[in-house]
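One-letter residues, chain by chain:
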Amino acid sequence: MEQIRLHKGLDILVKGEAKKVVCKTLVPKVVAVRPSDFKNVVPKLLVREGDTVKAGQPVFGDKARPQITFASPVSGTVKAVVRGEKRKLLAVEIASDGKNESVQFEPVSTSAGKDEIAAKLLASGLWASIIQRPYGIIANPADTPKAIVISAFNSAPLAADISLTVKDEVENIQAAVDALAKFTSGKVYVNISAGDENSPLANLKGVVITKFKGPHPAGNVGIQIAHLCPIGKGDVVWTVKPQDLVVIGRLLKKGVYDPSRIVAVAGSRVKNPAYVKCVPGASVKELTDGFDIKAQKEIYDQECGVRYISGNILSGENVGENGYLGYYDDTLSIITEGNYRELFGWAKIIRSKKFSLSKSYFSWLMPKKKYNVDTNLNGGVRPFVVTGLYEKVLPMDIYPVYLLKAIITEDIEKMEQLGIYEVVGEDLALCEYVCPSKVNVQEIIEQGISLMLKEMA
Amino acid sequence: MANGILKLIDKMKPTFSKGGKFGWLGSTFEAFETFAAVPATVTKGRTQVRDCVDLKRVMIAVIVALLPPFLFGMWNTGEQHSLAFGLEWGFWMKVWFGFYKILPLILVSYIVGLGIEFAVAQVRGHEVNEGFLVSGFTIPMIMPIDVPLWILALATAFAVVFGKEIFGGTGMNIWNPALLARAFVFFAYPSMITGDSIWIEGMTNHADALVDGFSGATPLALAADGMQAPSFLQMFIGNIPGSIGETSTIAILLGAIVLIWTGVASWKIIVSCVAGAAFVGLLANGLAEPGTYAAYPWYNHLVMGGFAFGAVYMATDPVSSSQTEVGKWIYGFLIGALCVVLRLFNGGYREGMMLAILFMNTMAPLIDWCVLRPSIRRREKRAVAAKK
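Residues numbered from 1 in each chain as written. Chains lettered and ligands numbered in written order. Predicted model: local features only at pLDDT ≥ 70, side-chain atom pairs only at ≥ 80, totals over all residues. Heavy atoms only, no water.

Participant: Explain the nonpolar core to me, please; I cannot follow it from the model alone.
Facilitator: Considering soluble globular proteins, one finds that nonpolar side chains tend to be buried as a cluster. One finds Ile313(A), Tyr390(A), Tyr433(A), Ile445(A), Tyr331(B) and Ile335(B) to be the most contacted residues of the largest nonpolar core, which totals 175 residues. Of the residues forming this core, the biggest block, twelve residues, is contributed by helix H3 (residues 55–84) of chain B. When neighbours within four sequence positions are excluded, Tyr433(A) is seen to be in contact with Leu10(A), Ile12(A), Leu314(A), Phe355(A), Thr47(B), Val49(B), Arg50(B) and Asp51(B). Ile148(A), Val166(A), Leu204(A) and Tyr328(A) belong to the second largest nonpolar core, which has 64 residues in total. (Core = buried A, V, L, I, M, F, W, Y, C linked by side-chain atoms within 4.5 Å. Buried < 20%, exposed > 50% of the residue type's maximum accessible area, 1.4 Å probe, protein only. Helix = DSSP H or I, 4+ residues; strand = E, 2+ residues; numbered from the N terminus. Contact = heavy atoms within 4.5 Å.)

Given below as structure tokens:
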């Protein structure tokens, strides 16, 4: 088993990691399927309010690629079609009937060809689980990827422990991996953390297992691709998250659409962080029911709100307390909204409540200390000044600032030269975290990707 | 007390906001507001949490690093003055004298520079950037103590307007603004920044009161003219004539430790700069005939004139220096090398560091372009492989 050692990166130690037990199974009352979970998708609604749906039944499709659809995770009735400005579709809310009845699909035999498998995944909406690089959009069924890469561990702070969330699902994952392997001309890579030899995915067959050692973002699939099979112009690599492999496996083996998964509810504002069994699209309200959200007045005596993040604190989405868990997310992070002011914060010699990579503060004196993080920007937005800092947290052959500048100036040729095909926002999340100029790195990267999609279409 | 200040800010805020009586001073008020307290802004992007370091912290780290040479410069101003005029002053008298003489320079530099920065930020509706906190402190430190205040004001204005604002402000400039201020004085008022009398307070105007035989020449000028320069140790300690902040290598080294430890300045640039100077110096020593300036021991160049100050505080300015890690090695080496070349072969002006750094500031993007090429070529090769 090969081991790849990454030296660059940063582990931010955060209080509120989920205790490794599944504390409840959520039978949701309402779930939502949201187009914004899916990058570059313009939704075309396929159901109306009041329709009854089954789990696995498409609720909307992609206008540009109608064969790609997005399914309801539960059975029930369409409660509301939520629209925003200019009638933009924001969410399809489904009231669950609690029966979890699935559309019945034919199980797929292990000898099935890739066309049959693709048809099944497309019909059930599970094709959306297959993400391609470049761009991090839903894969094109007509492509032959040069490899399929699966990251079997999360390295981001507070993120769910995949070894726990899929530990009883190895057979389903094996079935999914076997099926997906038929699509690629190359290999299927499964990457495990070097610290986690007992990963349930370490014994998968027919795949190349690689150990990754090092700080975050070692668990990001984009970083792993850069070290295993870097993407050139014209290359396509597919990625699937382990919890989605489980769902694909269940569909192929039993013919049912069962998207239930184990999700971490974590963060410094949760008194008893732990894991919950639920479905994607579950509401934050129901997910956090039973958890104790701490009232917090500890930060400089100012009352602070709570931020609910679907995903991890470095690349998740702020969904709010009325929001829903994203399709691809296995973590709900609950941290303090940092809308407080800190008198002479930047001028304090020691700022013990906050972590900084910068040695001008003194958190390096306590390398094991865990922090209560919050969402304060900790400064004002400025142009790029400090150099060499992004590179310290990005284990890729990329000059991030030059790439960002190429994107800002919309120079397509330079963007290609500097590696736009190899990144998505989350890979540079730490660059955004450490930036003293408070540049919105991920947003710029995603703008670049949108521009590429538009120009290359 | 803490809440009192916050409340006061809240009370004043409407007056300075749009529509308020002093709404036209919005950016200025905001600058002071964010100076007093880290604002309550929260993250909007995907990265939900941020490191607590900001540009204010980075800049304050540089100011702290500038303190040792600044404090030494204060003492040395008094020391040189008392030597020149034969005064028997104690330590604190020298420090007081230096403080009294340097304070106007600092005030002029900050008032002129920040005045322009605030005005520009106000006109553009931007936030005020912190960059000038450092530039405004360094400009007096690289001037001779006798520089007339009006020249300092002009130079500062030139540096801020033509060195920074026309490019778009902090982070966008090509040259180091502080060095540009000095270059301005050098080219516009050459007599004010060369010669032997300007380095010691009062010498220009009171030459008659000098101690007999006192020249006031800097070691750089003495060595170049083949005269006896101070010893290496004396130049290392820094009780010699020179610009206010540049004389003491030992104080500068203290600052370098702060800069490198906090990661604000690149140690690669500092080390390679010394290596570049040593390389050319050794080469000249090896080839030169004994007795000529070229044969002057190479290590003295590291402690004379503005070399150390330039290498630690000027060459490492992240905005105007090379931005790639490999580029930093090349950039620093060439600054060091060029500085000694200029010192040895440019008879008209004995200090090479300023011009070396400004020239390499200009060349830095080219260096970075060359450094980026291999990465781009690796990528192109992959694209070709993908096509096959």
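From this point, the narrative continues.
Participant: Is there a simple way to think about the pairing of strand E13 (residues 187–193) of chain A in this case?
Facilitator: The side chains of a regular strand alternate between the sheet's two faces. Residues and elements named next belong to chain A. The buried fraction of E13 is high, at six of seven residues. The pairing of E13 with strand E14 (residues 208–213) spans five bridges and is parallel. Residue pairing across strands places Val-190 opposite Ile-209, the latter belonging to E14. (Pairing = 2+ DSSP bridges.)

Participant: What is the right way to read the sheet that holds strand E9 (residues 89–96) of chain A from this model?
Facilitator: Each strand in a sheet pairs with another by means of backbone hydrogen bonds, the pair being arranged parallel or else antiparallel. Residue and element names in this part refer to chain A. The strand order across the open sheet built from four strands is E3-E9-E8-E5, with neighbouring strands paired in antiparallel fashion. This sheet does not close on itself; its edge strands, each paired only once, are strand E3 (30–33) and strand E5 (52–53). Taken together, the four bridges between E3 and E9 define a ladder with antiparallel strand orientation. Paired with Val-30 across the bridge in E9 is Ala-95.

Participant: Help me understand the packing of aromatic side chains in this model?
Facilitator: If you walk through the whole model with that rule in mind, you get 37 aromatic pairs over all chains. Centroid distance Phe38(A) to Tyr328(A): 5.8 Å. Interplanar angle 75°. Geometry classified as edge-to-face. Linking Phe38(A) in the loop between E3 and strand E4 (43–45) with Tyr328(A) in the loop between strand E19 (317–318) and strand E20 (331–336), this pair joins segments that are 290 residues apart in sequence. Residue Tyr328(A) is classed as buried on the basis of its relative accessible area of 13%. Ring pairing ties together the aromatic residues Phe38(A), Phe60(A), Phe70(A), Tyr327(A) and Tyr328(A), which thus form one cluster. When the ring centre of Trp261(B) is taken as origin, the NZ or CZ atom of Lys359(A), which lies over that ring, is 4.8 Å away. (Phe/Tyr/Trp six-rings, centres within 6.5 Å; stacked < 30°, edge-to-face > 60°. Lys NZ or Arg CZ within 6 Å of the ring centre and 35° of its normal.)

Read these as layout, nothing more, since geometry by itself doesn't imply function.
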